[in-house]
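Structural overview
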Amino acid sequence: EDQVTQSPEALRLQEGESSSLNCSYTVSGLRGLFWYRQDPGKGPEFLFTLYSAGEEKEKERLKATLTKKESFLHITAPKPEDSATYLCAVQVTRQLTFGSGTQLTVLP
Amino acid sequence: GAGVSQTPSNKVTEKGKYVELRCDPISGHTALYWYRQSLGQGPEFLIYFQGTGAADDSGLPNDRFFAVRPEGSVSTLKIQRTERGDSAVYLCASSPTGGGSTGELFFGEGSRLTVL
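What comes next concerns the included structure. (Residues numbered from 1 in each chain as written. Chains lettered and ligands numbered in written order. Predicted model: local features only at pLDDT ≥ 70, side-chain atom pairs only at ≥ 80, totals over all residues. Heavy atoms only, no water.)

Within chain B, the secondary structure is distributed over zero helices and eleven strands. Walking chain B from its N terminus toward its C terminus, one meets helices and strands in the order β-β-β-β-β-β-β-β-β-β-β. Rg of the C-alpha trace for chain B: 13 Å, near the compact-globule value of 13 Å for 116 residues, within the 12% margin. Relative to its full complement of 116 residues, chain B shows a buried share of 45%. Accessible surface for chain B amounts to roughly 5,400 Å². Of this, 47% is attributable to carbon and sulfur atoms. Charged side chains of chain B number 11 positive and 12 negative; the gap between the two group centres comes to 8 Å. (Helix = DSSP H or I, 4+ residues; strand = E, 2+ residues; numbered from the N terminus. Rg over C-alpha atoms; globule rule 2.2 N^0.38 Å. Buried < 20%, exposed > 50% of the residue type's maximum accessible area, 1.4 Å probe, protein only. Areas by Shrake-Rupley, 256 points an atom, 1.4 Å probe, with all protein chains shown as cover. Lys, Arg positive; Asp, Glu negative; His and termini not counted. Charge placed at Lys NZ, Arg CZ, Asp CG, Glu CD.)

Below is the structure:
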């Protein structure tokens, strides 16, 4: 059974304090690993797709990396507007299997 | 441009009642997904449509849940004899990719269902 585990469950950072979120996965035949951002009361918003170990993607203060067993979402010098829940998902067939997310709070 | 639209945004019903949730995907998107999200959890897959047909309904929890997409655009998720455990946010997503990799999913804001 495909499993996706995200840690930590919650993270509080001061503005400018860089950190990383972890997504570890156990799947057979990974087709892609996805990162989404979800604000309260909203649907998830796509951030990145990673397809193979060693791949990296960047967008503003966010950088996603992928190994054979886990992915990291690095947040550099975060701002309060980066506060959200960050969801990781894996694709084996056509559907995505999501982790429970990391709730990030960035304090001014 | 218009995103994925879901109605109603909130639905409160009584145990045992019938509920319909509607999803209007982005125009031209052939793939449509329904997910369910409980508080503090990630979205859980329910069903996937490619065009008018349900290509994968393995996530539907039981036969009280049914979904249709008769013309390959709007989809309706139908829940019969609702139970308190059905309370959740029901998310719809669409994708322009037909077959092969899913690629990016575009999510609606969800329909929050509360069963009393």
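Still more to cover.
Another aspect to go through is the sheet that holds strand β3 (residues 19–24) of chain B. All names here are of chain B. One open sheet holds the four strands; their spatial order is β1-β3-β8-β7, and the pairing between them is antiparallel. Looking at strand neighbours, the two that pair on one side only are β1 (5–7) and β7 (65–68), the edges of this open sheet. Strand-to-strand twist across the sheet, computed as the mean angle between neighbouring axes with direction ignored, equals 15°. Where β3 meets strand β8 (residues 75–79), five bridges bridge the pair, whose relative direction is antiparallel. Paired with Leu-21 across the two strands is Leu-77, which belongs to β8. (Pairing = 2+ DSSP bridges. Axes fitted to C-alpha atoms, helices over the stretch in contact; angles between N-to-C directions.)

Here we come to the sheet that holds strand β7 (residues 62–66) of chain A. Residue and element names in this part refer to chain A. Reading across from one edge, β1-β3-β8-β7-β6 is the order of the five strands in this open sheet, with antiparallel pairing throughout. Each edge of the open sheet is held by one strand with a lone partner, namely β1 (3–7) and β6 (56–59). Each strand axis lies, on average, 15° off the axis of its neighbour in the sheet, ignoring direction. Alignment of strand β3 (residues 19–26) against strand β8 (residues 70–75), held across six bridges, turns out to be antiparallel. Residue pairing in the sheet places Asn-22 in a bridge with Phe-72 of β8.

Across soluble globular proteins, nonpolar side chains have a tendency to be buried as a group. The biggest cluster of nonpolar side chains holds 22 residues, and the ones touching the most others in it are Leu-33, Trp-35, Leu-73 and Tyr-86 of chain A. Counting only elements with at least two residues in this core, the list comes to β2 (10–14), β3, β4 (32–38), β5 (45–50), β7, β8, β9 (84–91) and β11 (102–107) of chain A. Counting residues per element, this core draws most heavily on β9 of chain A, which supplies four residues. Within the second largest apolar cluster, 20 residues are counted, among which are Ile-26, Leu-60, Ile-79 and Cys-92 of chain B. (Core = buried A, V, L, I, M, F, W, Y, C linked by side-chain atoms within 4.5 Å.)

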